[in-house]
Amino acid sequence: MPWKIIASAFGWKAAHDDDEDLLVVWHPKLRRHYSGADAWKQAVLLSIRSPSAHPVLRREGRP
């Protein structure tokens with residue numbers, strides 16, 4: 001799956017830390033950032049609000 005292309009469409013940006021040799025994916029309007037091998041995938045999952053993206057994003061049913 002082309003995670004980088006999908007995440008870029010949602011506005012995610014990439015930065016590379018040369019000192020640590022680390023990829024950081026961040027969004028200019030969100031306080032979230034991801035690093036590592038699955039950074040692009042996590043950004044996409046957060047953007048589409050997938051239940052497996054982050055446990056905090058799960059909403060309980062309204063009464």
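Residues numbered from 1 in each chain as written. Predicted model: local features only at pLDDT ≥ 70, side-chain atom pairs only at ≥ 80, totals over all residues. Heavy atoms only, no water.

Asker: Please provide a residue-by-residue account of the environment of Asp21, values included.
Answerer: Structurally, Asp21 can be placed in the loop between β1 (13-17) and β2 (22-26). Residues Asp21 and Gly36 lie 15 residues apart in sequence; the distance between their C-alpha atoms is 9.9 Å. Separated by 3.3 Å, the side chains of Asp21 and His16 make a polar contact. (Helix = DSSP H or I, 4+ residues; strand = E, 2+ residues; numbered from the N terminus. Polar contact = N/O pair within 3.5 Å; in protein donor to acceptor, adjacent residues only side chain to side chain.)

Asker: Give a description of the sheet that holds β2 that names residues and reports values.
Answerer: Taken in spatial order, the three strands make up an open sheet running β1-β2-β3, and their pairing is antiparallel. The two strands at the open ends of the sheet, each matched to only one other strand, are β1 and β3 (33-35). Sheet twist, expressed as the mean angle between neighbouring strand axes with direction ignored, is 25 degrees. Taken strand by strand, helix α2 (residues 39-47) contacts β1, β2 and β3, and its axis lies near 150 degrees from that of β3. (Pairing = 2+ DSSP bridges. Axes fitted to C-alpha atoms, helices over the stretch in contact; angles between N-to-C directions. Contact = heavy atoms within 4.5 Å.)

Asker: Quick rundown of the nonpolar core? Include the residues and the values.
Answerer: Within the largest apolar cluster, nine residues are counted, these being Ala7, Trp12, Val25, Tyr34, Ala39, Trp40, Ala43, Val44 and Leu46. At five residues, the largest contribution of residues to this core is made by α2. Apart from residues lying up to four places away in sequence, Trp12 is in contact with Ala7, Val25, Trp26, His27, Leu30, Arg32, Tyr34, Trp40, Ala43, Leu46 and Ser47. (Core = buried A, V, L, I, M, F, W, Y, C linked by side-chain atoms within 4.5 Å. Buried < 20%, exposed > 50% of the residue type's maximum accessible area, 1.4 Å probe, protein only.)

Asker: Before we move on, could you go through the pairing of β2 and cite the residues and values that matter?
Answerer: Here five bridges tie β1 to β2, and the two strands are oriented antiparallel to one another. Within the sheet, the bridge partner assigned to Ala14 lies in β2 and is Val25. From the end of β1 to the start of β2, which pair antiparallel, there are four residues, and Asp21 there has a positive phi angle of about 55 degrees. Taken together, the three bridges between β2 and β3 define a ladder with antiparallel strand orientation. Of the residues in β3, the one forming a bridge with Val25 is Tyr34.

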